[in-house]
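Examining the three-dimensional arrangement
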Amino acid sequence: MNGIRFQVLAACCAISFLLVTPGTMTAQNIVVDTTPSHVLNTFSPPLALGAAIDRLRTGSPDKLLTGDTLKTILDAGWGTVTYRQNTELMVEAWHWNPRGKWSNAGKQEGYFVGDAEPTNEEIHSSWAYPLPHRGFSRGDGNGWSRLTDGDLSSYWKSNPYLTKAFTGEDDSLHPQWVMIDLGEKVPVNAIRIAWAEPYAKHYAIQFWTGELEPFYDGTTKGTWQTFPLGAVTDGKGGTVTHKLVSWMIPVRYLRIWMTESSNTCDDHGSSDIRNCVGYAIRELYVGALSPDGTFNDYVTHFPSRNQTVTWPSSVDPWHAASMLDESRGDQVGFDFFFHCGVTRGLPTMVPIAMLYATPEDAANEIAYLYQRHYPISYVEMGEEADGQHMLPEDYAALYLQFATAIHKLVPKAKLGGPPFEGTFDDVEVWPDANGKVSWIGRFVDYLKAHGHLDDFAFFSFEHYPYQDRPSYSWADLYPEPDYVKHIVQVWKDNGVPSNIPFFMTEGNIGGGAPPSTVKSALWLADYVGSMMGAGAGATYYFHYMPSPDHPSGFLYVDKDYKVIGYTPQYLATQVIAKEWVLPQDELHHQFPVSSDVTDAAGTLMVTAYALQRPDGQWSVMLVNRDQSNDHAVRVNFGAAEGKQVRHFAGKVDRITFGSNEYVWHEEGTLGHADPDGPPSKSTVDGGNVLFQIPKASITVLRGKIG
């Protein structure tokens, strides 16, 4: 950023304001409701406006979290951080502490538990181990399912912590399942299952009746129907071929629903009960069985993502030391993380691995952090269980075991989750016996029924409104405030307890916002204002750590991670976190705002978010989503309890970032921005006047009111 450029831009903005006087443009109104009882939220900016840090490319933490690069990252203004737990999305076991013990110490394999006791040695890096009993063909990373890999020596196995030995409940209350996707509807009449140990004694082979996939869009638009000959009550294991129907049925999705285990031990031996509970399958085959007994298999068996797709209910976290793969990224060692300065010394939300870990390991992690006296705000339990299609009762069963183990060592730890993937509506799952489909509702019901609702101290979710859409446009910006308002109300309506805080722990626009426009910046301002106005305890920006391979991220960096430019979201963050709010640990009060700035179609063009700050100033952030037009607005502080309308009085600070401060220049397939900030600043007179809000911009007006 250039100081001379800053002065020129500031002068231009001051001139543009002076040109706008009553009568020059059609006035439109921003009305702030200052009624004390109408306050929307009260928060401390350093604790409520934060950013998320995920697993980083191997070798990059020492470049990103030190020196001038870290200083530039912090200069944007985000406060607290949440440490994301990426290994669960990769279906890996996370060794948060490289020091620890294996359940089978002699062979360095089994279930690993990190040491809880700190030493003089710093945990600088932490790594992940791909799980050998994986059943997912999709998800993050490059892993594949063992159910259709063509290798009879490999197998999928369900999570032992979801069996009676650990839940204390009958296994039929936590059915385990595998689903196979044939890619399109094909006529089938048979399935062949190569069981491993332990196998299912009671199971049902089912097909999906809906036209849409059984997850997400199609969850409640079909049912799982057992094939006429698909119920098995005396399974014996081995490789068995089931004729499912005496004719052919066109199906795409099949499911094996398992409710009773043989409880026989797998390849890892009988010395550990975890090897002897649950279900395991070596390979799946689906197709047509001819009258002469010939089986025609429609499944593609291959040890890569080219295989026929499968999904399981859970995965056994068994693994071995030999499976370590440091090339998959560094979760960043906790000691390095807390010492490097990225947390600013503020309380940090930390995760535990839960879907593919052990309660003892998670408890030791939290005990370690508390013994190090690191400031911990909350503990997030697992990562995106809904995205991995885990049923809420299974997640809840794990949650109780892990919560009990953690609270045994650290009674004051505040636990919560799940966190949900970004979604616009309630996460729905296949109906339970009562027909209930709400994921969060059934999770809360399980905790209540087991007397553990007090272990649920907060609710968390992610927010990516434009992830993986087929097309994008500037108009994507317009629905964002309503998206936020809607989804927060959905969570409340479906069971999130009213007495616990909620957090958006990872989010960004998700797509359709190239670095050539300020679209992502406007979205960010609208999102933060909306989410905090909806009552969030905190919101965490994702893509905080820049990458040479991600040019539209938070900063432009070269291959050595040196900062070479500023992105729209970085500059927007400076306006939000350093100008709209007072960047101090003091309470701010957010009040409702209405706007009548619309286009001919009635679409709201200027949104606004108002704060009463602890320094006595009122701060109004206005987002002009109109790509082509400036708007002149009058800011009124609404009459409360019979008092008259008030306005800004005296001098008003005016800070703007938008399309005038960030201009993109194409260069082949890439390009660069010039100018690339900074936000322009000026001082203007208050009163019953019009403020010009430039096109495609974020503007903060800040001052005292009369």
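Above this text sits the structure in question.
Residues numbered from 1 in each chain as written. Predicted model: local features only at pLDDT ≥ 70, side-chain atom pairs only at ≥ 80, totals over all residues. Heavy atoms only, no water.

Moving on, we get to the overall build of the protein chain. Across its full length, the protein chain carries 12 helices and 38 strands. Relative to a compact globule of 706 residues, whose C-alpha radius of gyration would be 27 Å, the protein chain shows 28 Å and is just as compact. In terms of overall dimensions, the protein chain has a C-alpha envelope of 90 × 60 × 55 Å along the principal axes. Residues classed as buried in the protein chain amount to 59% of the 706 residues present. Considering only contacts within the protein chain whose residues lie at least 6 apart along the sequence, 78% involve residues at least 24 apart. Distance between charge centroids for the protein chain: 3 Å, based on 52 positive and 81 negative side chains. (Helix = DSSP H or I, 4+ residues; strand = E, 2+ residues; numbered from the N terminus. Rg over C-alpha atoms; globule rule 2.2 N^0.38 Å. Buried < 20%, exposed > 50% of the residue type's maximum accessible area, 1.4 Å probe, protein only. Contact = heavy atoms within 4.5 Å. Lys, Arg positive; Asp, Glu negative; His and termini not counted. Charge placed at Lys NZ, Arg CZ, Asp CG, Glu CD.)

With that settled, the discussion passes to the side chain of Q85. Mapped onto the elements, Q85 comes out in the loop between β4 (81-83) and β5 (92-95). With relative accessibility at 0%, the residue Q85 sits in the buried group. A distance of 2.3 Å separates the side chain of Q85 from the side chain of T87, its partner in a polar contact. (Polar contact = N/O pair within 3.5 Å; in protein donor to acceptor, adjacent residues only side chain to side chain.)

What follows covers the sheet that holds strand β6 (residues 100-104). Ordered by their spatial adjacency, three strands build an open sheet running β6-β7-β19, and the pairing between neighbours is antiparallel. Only two strands of the sheet have a single neighbouring strand rather than two, namely β6 and β19 (319-320). Where strand β7 (residues 109-114) meets β19, two bridges bridge the pair, whose relative direction is antiparallel. Residue pairing for β19: G110 is matched across the bridge by H319. (Pairing = 2+ DSSP bridges.)

Okay, the nonpolar core next. Generally speaking, soluble globular proteins have nonpolar side chains that are buried together. With 171 residues, the main nonpolar core has M381 and Y544 as its most contacted residues. With 10 residues, helix α8 (residues 392-409) is the single largest residue contributor to this core. Residues within four places of Y544 in sequence aside, it is in contact with A51, A52, I53, I73, L74, W78, V81, V342 and F554. (Core = buried A, V, L, I, M, F, W, Y, C linked by side-chain atoms within 4.5 Å.)

Viewed as axis vectors pointing N to C, α8 and helix α9 (residues 439-449) meet at an angle of 40 degrees, and their least axial separation amounts to 8 Å. When the axes of α8 and α9 are compared, the pair comes out oblique. Classified by chirality, the crossing of α9 by α8 is right-handed. Contacts from P392, E393, Y395, A396, A397, Y399 and L400 in α8 reach W439, R442, F443, Y446 and L447 in α9. (Axes fitted to C-alpha atoms, helices over the stretch in contact; angles between N-to-C directions. Parallel < 35°, antiparallel > 145°, perpendicular 65-115°, else oblique. Left-handed = near helix turned anticlockwise from the far one by under 90°.)

A word on helix α11 (residues 519-533). Under the 1.5 Å per step criterion, the end-to-end length of α11 is 21 Å for 15 residues, consistent within 8% with the ideal 21 Å. The buried fraction of α11 is high, at 15 of 15 residues. At the exit of α11 stands G535, carrying a positive phi of roughly 105 degrees. (Expected span 1.5 Å × (residues − 1).)

Note: strand β33 (residues 648-658) against strand β38 (residues 697-705), eight bridges, orientation antiparallel. Looking across to β38, one finds that F657 is bridged to I698. As paired elements, β33 and strand β36 (residues 680-685) share six bridges and run antiparallel to each other. Note on β36: the bridge partner recorded for I655 is K681.

To continue, consider the packing of aromatic side chains. One pass over the structure, following the stated rule, counts 52 aromatic pairs. Considering the side-chain rings of W177 and W430, the 5.0 Å spacing of their centres and the 65 degrees angle between planes classify their relative orientation as edge-to-face. Within this pair, whereas W177 is found in strand β10 (residues 176-188), its partner W430 is found in the loop between β22 (415-420) and α9, the two being separated by 253 residues in sequence. Ring centres of F461 and F502 lie 6.3 Å apart, and the angle between their planes is 25 degrees; on these two criteria the pair is classed as stacked. (Phe/Tyr/Trp six-rings, centres within 6.5 Å; stacked < 30°, edge-to-face > 60°.)

Attention shifts here to α9. Burial analysis of α9 places eight of its 11 residues in the buried class, the great majority of the element. All buried positions along α9 are accounted for by W439, I440, G441, R442, F443, V444, Y446 and L447. Structurally, α9 contributes buried residues whose contacts are with α8, β22, β23 (458-463) and α10 (480-493). For α9, the capping residue at the N-terminal end is S438, with a side-chain oxygen 3.1 Å from the backbone nitrogen of G441. Directly beyond the C-terminal end of α9, a positive phi value near 70 degrees is found at G451.

Before going further, it helps to examine the pattern of salt bridges. Here the idea is simple: oppositely charged side chains can pair when their charged atoms come close. Tallying each qualifying case throughout the model produces 27 salt bridges. Put simply, E121 and R99 hold a salt bridge, and the shortest N to O gap is 3.7 Å. One end of the pair, E121, is in the loop between β7 and β8 (127-130); the other, R99, is in the loop between β5 and β6, and 22 residues separate them in sequence. Under the relative-accessibility criterion, E121 is labelled partly exposed at 49%. One salt bridge connects D685 with K651, and the closest N-O pair in it is separated by 2.7 Å. Here D685, found in strand β36, pairs with K651, found in strand β33; they are 34 residues apart in sequence, far enough to count as distant. Salt bridges here are not isolated pairs; linked through shared partners, they connect R84, E380, E383, E462 and E506. (Salt bridge = Lys/Arg side-chain N within 4 Å of Asp/Glu carboxyl O.)

Moving on to the sheet that holds strand β13 (residues 224-232). The strands that make up a sheet pair up through hydrogen bonds in the backbone, lying either parallel or antiparallel. The strand order across the open sheet built from five strands is β13-β12-β15-β10-β18, with neighbouring strands paired in antiparallel fashion. Each having just a single partner strand, β13 and β18 (309-312) make up the two edges of the open sheet. Recorded for the sheet is a direction-independent mean angle of 25 degrees between the axes of neighbouring strands. Examined bridge by bridge, β10 and strand β15 (residues 249-261) share nine bridges and lie antiparallel to one another.

This part is about the environment of E92. In this fold, E92 is placed in strand β5. On the accessibility criterion, E92 (1% relative accessible area) is buried. The spacing of E92 and G143 is 51 residues in sequence and 9.5 Å in space, taken between C-alpha atoms. For E92, the residues in contact, after removing those within four places along its chain, are R55, T87, A128, Y129, P130, L131, R328 and Y356. Within the structure, E92 has its side chain in polar contact with the side chain of R55 (distance 3.0 Å). Side chain to side chain, E92 and R328 meet in a polar contact 2.4 Å long.

Here we come to the environment of T163. Structurally, T163 is set in the loop between β9 (156-157) and α5 (164-167). Taking relative accessible area as the criterion, T163 reaches 4% and is therefore assigned buried. When the C-alpha atoms of T163 and L56 are compared, they prove to be 35 Å apart, with 107 residues separating the residues in sequence. The contacts of T163, once residues within four sequence positions are left out, are G168, D171, V277 and G278.

Along the polypeptide, S438 turns up in the loop between β22 and α9. Engagement of the side chain of S438 in a polar contact is seen with the side chain of D426, the distance being 2.8 Å. Within the structure, the side chain of S438 is placed 3.1 Å from the backbone nitrogen of G441, a separation counted as a polar contact.

Looking now at unusual backbone geometry. For the peptide bond that leads from D674 to P675, omega is 5 degrees, which places it in the cis range. By secondary structure assignment, the location of P675 is in strand β35 (residues 670-676). The step from G677 to P678 runs through a cis peptide bond, and the omega angle for that step is 5 degrees. You can see P678 is positioned in the loop between β35 and β36. Backbone geometry places N263, a non-glycine residue, at a positive phi of 55 degrees. Tracing the sequence through the fold places N263 in the loop between β15 and β16 (280-289). N263 gets classed as partly exposed once you look at its relative accessible area, which sits at 42%. Even without being a glycine, H373 presents a positive backbone phi close to 65 degrees.

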